[in-house]
Amino acid sequence: VYITNALSDFFFKYETPRQVLVRNRRVGVVCRLIQLGVLAYIIGWVFIYEKGYQSTDTAVSSVFTKMKGVGYTNVDGEERVWDMVDYVFPEQGDSSFVVMTNYIITKGQKMGKCPELTEPRYLCNSDSDCERGIIERTGHGHMTGKCVGNTTKTCEVVAWCPVEDDHTIPDPALLMSAENYTLFIKNSVTFPAYGVKRSNLVEGIDNQYIKSCVYDPTTSPLCPIFRLGDLVQLSGFNFATIAKGGAIGIVIDWTCNLDYDQSECKPVYTFHGLYGNPNETDMARASVGYNFRYAKHYMEDKQEKRTLLKVFGIRFDIIVRSVARKFDIIPTLTAIGSGVGIFGVVSLAILHILSGISKHTESQVAYSIS
């Protein structure tokens, strides 16, 4: 019988919460203001700002780069022209690469025995000062155990000889002309959830336009060709400072609302200094700038030789950020459901508050009558 009554009550009876009518202007205004605030949150924040009626997807992207420009140097009467094969590392057109702006060159190195540099840590008076087999962490080779030299003696090493002397860094940078090089970026993105493919070569960018355009944030914000000097300036540096070495991030932002036509999905470029201090003046600080070494090997008179370059340059990192949004009934219903739930909870809380006020008012009236 108990089970039958419970089932009967469950299926054939319906309960509603008790409503309390309080004729109080102050309470009524507070109640409506709270409800209005909840409604503003649901409409303004959830739907308009957070786009709660849309689903999202991130892109799969690829980046190709191409440098153009020619540099010229004249060091000690030796003229040389540097093209993109000489000053870009690596040269395959990657999304992260270095453009050489300065260098220290050591030519004609070959494997053999030669004295170390005339620095205090390498100076010696006799062979006993040069322990055989020791390799200094900052040295250039393997010690032979001999102290060599005429006036200034240093330890002898097995190394690429003559050893590199990198104490004097050219200033100003030898390849200041690099600020006039240009960088061509090709970027394609695919939003797999929506089957949408886009390229930074958007509608209106054809071969004729590319031949003449250079990126400008105001007049040519979609041009995919960038002058290096402009990139440095837009990132907050000056070229003379960052030519000692640094890093710049090029961010390609694809934020697309696919409820509109796909042609409205266009990239936005921003530029950031990732390494280096644009106001740096103390060149004595530890590890100022950015550099690495690169060697070109060749054979001469049946002997292997190399030209060693200590390269100072600007590293460019191209970073793609993406988010695409499109109307979807599931997140829309979810957002509406959560909004109705919040509204119900707030309404229930207000009901409890008003019930408490009503009981308090009734007790005050009863006390005054007594």
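Scoring rules and cut-offs
Residue positions are counted from 1 within each chain, in the order its sequence is given. With pLDDT at 70 or above as the cut-off, local features in this predicted model cover only qualifying residues; side-chain atom pairs require 80 or more to be listed or tallied, and sums for whole chains, interfaces and linings still use all residues. Side-chain calculation: all heavy atoms of the structure are included, whereas hydrogens and water are not. UniProt positions are given in the numbering used here, feature names are shortened, and annotations may be inferred rather than shown by experiment. The helix count covers DSSP runs of H or I at least four residues long, the strand count covers runs of E at least two residues long, and both are numbered beginning at the N terminus. Buried means the residue's accessible area, taken with a 1.4 Å probe over protein chains only, is under 20% of the maximum for its type, while exposed means over 50%, and partly exposed covers the values in between. Any pair of residues with heavy atoms lying within 4.5 Å of one another is described as a contacting pair. Only Phe, Tyr and Trp rings take part, Trp by its six-membered ring, and two of them pair if their centres are within 6.5 Å. Stacked means planes under 30 degrees apart, edge-to-face means over 60, and tilted covers everything else. Cysteine sulfur atoms are paired as a disulfide whenever they fall within 2.5 Å. Note on pairing: two strands pair once DSSP finds at least 2 bridges between them.

## Comments concerning the UniProt feature "glycosylation site" (unreviewed entry) in the chain
No. 1: Taking the UniProt record as the reference, the feature "glycosylation site" (unreviewed entry) is found at Asn 180.
No. 2: Among the secondary structure elements, Asn 180 is positioned in the loop between strand E8 (154–161) and strand E9 (182–191).

## Focus: the UniProt feature "binding site: ATP" (unreviewed entry) in the chain
No. 1: Under the UniProt annotation, the feature "binding site: ATP" (unreviewed entry) is placed at Lys 66, Met 67, Lys 68, Thr 182, Asn 291, Phe 292, Arg 293 and Lys 310.
No. 2: Counting through the fold element by element, Lys 68 comes out in strand E2 (residues 60–68).
No. 3: Of the residues examined, Lys 68 reaches a relative accessible area of 52% and is grouped as exposed.
No. 4: When residues no more than four places from it in sequence are discounted, the contact partners of Lys 68 are Met 84, Tyr 87, Tyr 181 and Thr 182.
No. 5: Within the secondary structure, Lys 310 sits in strand E15 (residues 303–327).
No. 6: Owing to a relative accessible area of 9%, Lys 310 belongs among the buried residues under this scheme.
No. 7: Each residue touching Lys 310, except ones within four places of it in the same chain, is listed here: Asn 102, Tyr 103, Ile 104, Glu 164, Asp 166, Asn 291, Phe 292 and Arg 293.

## What about the packing of aromatic side chains?
No. 1: This model, assessed by the stated rule, comprises twelve aromatic pairs.
No. 2: Summarising the aromatic geometry, the rings of Trp 82 and Tyr 103 are spaced 4.8 Å apart at their centres and angled 45 degrees between planes, so their arrangement reads as tilted. With Trp 82 in strand E4 (residues 78–82) and Tyr 103 in strand E6 (residues 96–115), this pair connects stretches of sequence that are 21 residues apart. Accessibility assignment for this pair places Trp 82 and Tyr 103 in one class, buried.
No. 3: An angle of 35 degrees between the planes, with centres 4.9 Å apart, marks the rings of Tyr 215 and Phe 226 as tilted. Here the residue Tyr 215 occupies a position in the loop between helix H4 (207–212) and strand E11 (225–227), and Phe 226 occupies one in strand E11, the gap between them amounting to eleven residues. Across the pair, exposure class does not vary: Tyr 215 and Phe 226 are buried alike.
No. 4: Among the aromatic side chains, those forming a connected cluster through ring pairs are Phe 89, Tyr 290, Phe 292 and Tyr 294.

## Description of the state of the cysteines
No. 1: Scanning the entire structure with this criterion turns up five disulfides.
No. 2: One disulfide bridge connects Cys 124 with Cys 147, the sulfur atoms lying 2.0 Å from each other. What sets the handedness of the Cys 124 and Cys 147 disulfide is the S-S torsion sign, and at about 95 degrees it is right-handed. One end of the pair, Cys 124, is in the loop between E6 and strand E7 (142–148); the other, Cys 147, is in strand E7, and 23 residues separate them in sequence.

## Some remarks on the pairing of strand E14 (residues 291–300)
No. 1: In terms of strand pairing, E14 meets E15 through ten bridges, oriented antiparallel. Following the sheet pairing, Asn 291 is matched in E15 by Phe 312.
No. 2: Remark: two residues form the turn of the hairpin made by E14 and E15, two consecutive strands paired antiparallel; Asp 301 in that turn has positive phi of roughly 55 degrees.

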